[in-house]
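# Structural description and commentary
Chain by chain, the residues:
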Amino acid sequence: MALSGTSRVRRQLPTSPWLFAAPGLLVTGAFVLYPFVSTLVNSFTDRRTLIPGRFVGLANFRELLHDDMFWTGLRNSTLYVLGVVPLLVVLPLLLALLVQKNIPGITFFRSAFYTPVVASIVVVGLIWVWLLDDRGLVNAMLETVGVGRVGFLSDQWLLLMSAMAVTVWKGLGYYMIIYLAALGNVPRELHEAAAVDGAGAVRRFLSVTVPAVRSTMVLVGALSSVAAFKVFSEVYLLAGPSGGPAGEDTTLVMLVQRTGTGLTGRVGYASALSVVVFAVTVALMLLVLRADRKEDS
């Protein structure tokens, strides 16, 4: 007896969704889950690039506690978060308020502010190196006005702050777009009512705009915190593979790359470093979300 159309569909339902999801699941498993599990397993071994290694338990993590470069990388990554995240939460919001109005020519400025986001980080890094080098444009201008040369790329702290400036400059446009979407959902009536009550521009910003986009600010804070703690390209391009003077500007991700690559790379130790980076980034996101929930309550 021939099956009806409804019966045929019912018989196909249990497997059909998995067939549609199979390509995405395979890609996720091959490029996300497998590397994650492999890194976790390798963190408990002394594996090297060409040597499988053996199980050593928590030896790699105990070594971290006595590794001066680990603490240097942790310090720099933490400072990076503290220096970059507040700016990337506040400045893009102010920028979004400036370009929100529909006035002639505003599209040009929106595109100009977003251009660094789509630019290659290598190109951006090279441009900033040329600007901040001892013989670069910025130092040439400082010499012209009699200030003298400044070691933006040779001083430990100036180099780290220069890398932070690159990160902020490149991320402004991206987070500006997120804020623009959030500002579009703020009722105009709230601003009009506040203006009728005599609230000025600053008061309306603090009493109307900020509460309305607070959830978006939390999202931007979480995204920028994770990105800042995992910073690599900006510091690598400005400081070089050595991590600046005596390696004092090395971040955790740079240390992972330096330790785990090459023919004699310590894959097991680098995996332990990667696990620490993962744990800290998860902790950062949980702290941001918890602070948001506590404020809601």
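Only a predicted model underlies this, so the values are computations on that prediction, with no experimental measurement involved.

Looking now at helix 11 (residues 214-229). Compared with an ideal rise of 1.5 Å per residue, which puts 16 residues at 22 Å, helix 11 spans 22 Å between its outermost C-alpha atoms and is within 8% of the ideal. Among the residues of helix 11, those classed as buried are Thr 216, Met 217, Val 218, Val 220, Gly 221, Ala 222, Ser 224, Ser 225, Val 226, Ala 228 and Phe 229.

At a minimum axis distance of 7 Å, the contact between helix 4 (residues 68-99) and helix 13 (residues 252-260) shows a crossing angle of 145 degrees. Listed contacts from helix 13 to Met 69, Phe 70, Gly 73, Leu 74 and Ser 77 of helix 4 are Leu 252, Leu 255 and Arg 258. Partitioning the contact of helix 4 with helix 13 into residue classes produces five nonpolar, two polar and one charged.

Below, the discussion takes up the nonpolar core. Counting residues in each nonpolar core, the largest one holds 59 residues, and the members touching the most others are Leu 64 and Tyr 80. Taken together, the elements giving at least two residues each to this core come down to helix 3 (59-65), helix 4, helix 6 (121-132), helix 8 (156-183), helix 11, helix 12 (233-239), helix 13 and helix 14 (267-296). In this view, Tyr 80 contacts Val 85, Leu 160, Ala 163, Met 164, Thr 167, Ala 228, Val 231, Glu 234 and Val 235; residues no more than four positions away in its chain are not counted.

Here the focus is the pattern of salt bridges. A full pass over the atoms with the stated rule returns four salt bridges. Between Arg 75 and Glu 248 there is a salt bridge whose closest N-O contact spans 3.4 Å. With Arg 75 in helix 4 and Glu 248 in the loop between helix 12 and helix 13, this pair connects stretches of sequence that are 173 residues apart. For Glu 143, the salt bridge goes to Arg 149, with nearest N and O atoms at 3.0 Å. Judged by relative accessible area, which is 39%, Glu 143 ranks as partly exposed. Assessed through its relative accessible area of 46%, Arg 149 is described here as partly exposed.

The rules we used
- Residues numbered from 1 in each chain as written.
- Predicted model: local features only at pLDDT ≥ 70, side-chain atom pairs only at ≥ 80, totals over all residues.
- Heavy atoms only, no water.
- Helix = DSSP H or I, 4+ residues; strand = E, 2+ residues; numbered from the N terminus.
- Expected span 1.5 Å × (residues − 1).
- Buried < 20%, exposed > 50% of the residue type's maximum accessible area, 1.4 Å probe, protein only.
- Axes fitted to C-alpha atoms, helices over the stretch in contact; angles between N-to-C directions.
- Contact = heavy atoms within 4.5 Å.
- Nonpolar A, V, L, I, M, F, W, Y, C, P; charged D, E, K, R; others polar.
- Core = buried A, V, L, I, M, F, W, Y, C linked by side-chain atoms within 4.5 Å.
- Salt bridge = Lys/Arg side-chain N within 4 Å of Asp/Glu carboxyl O.

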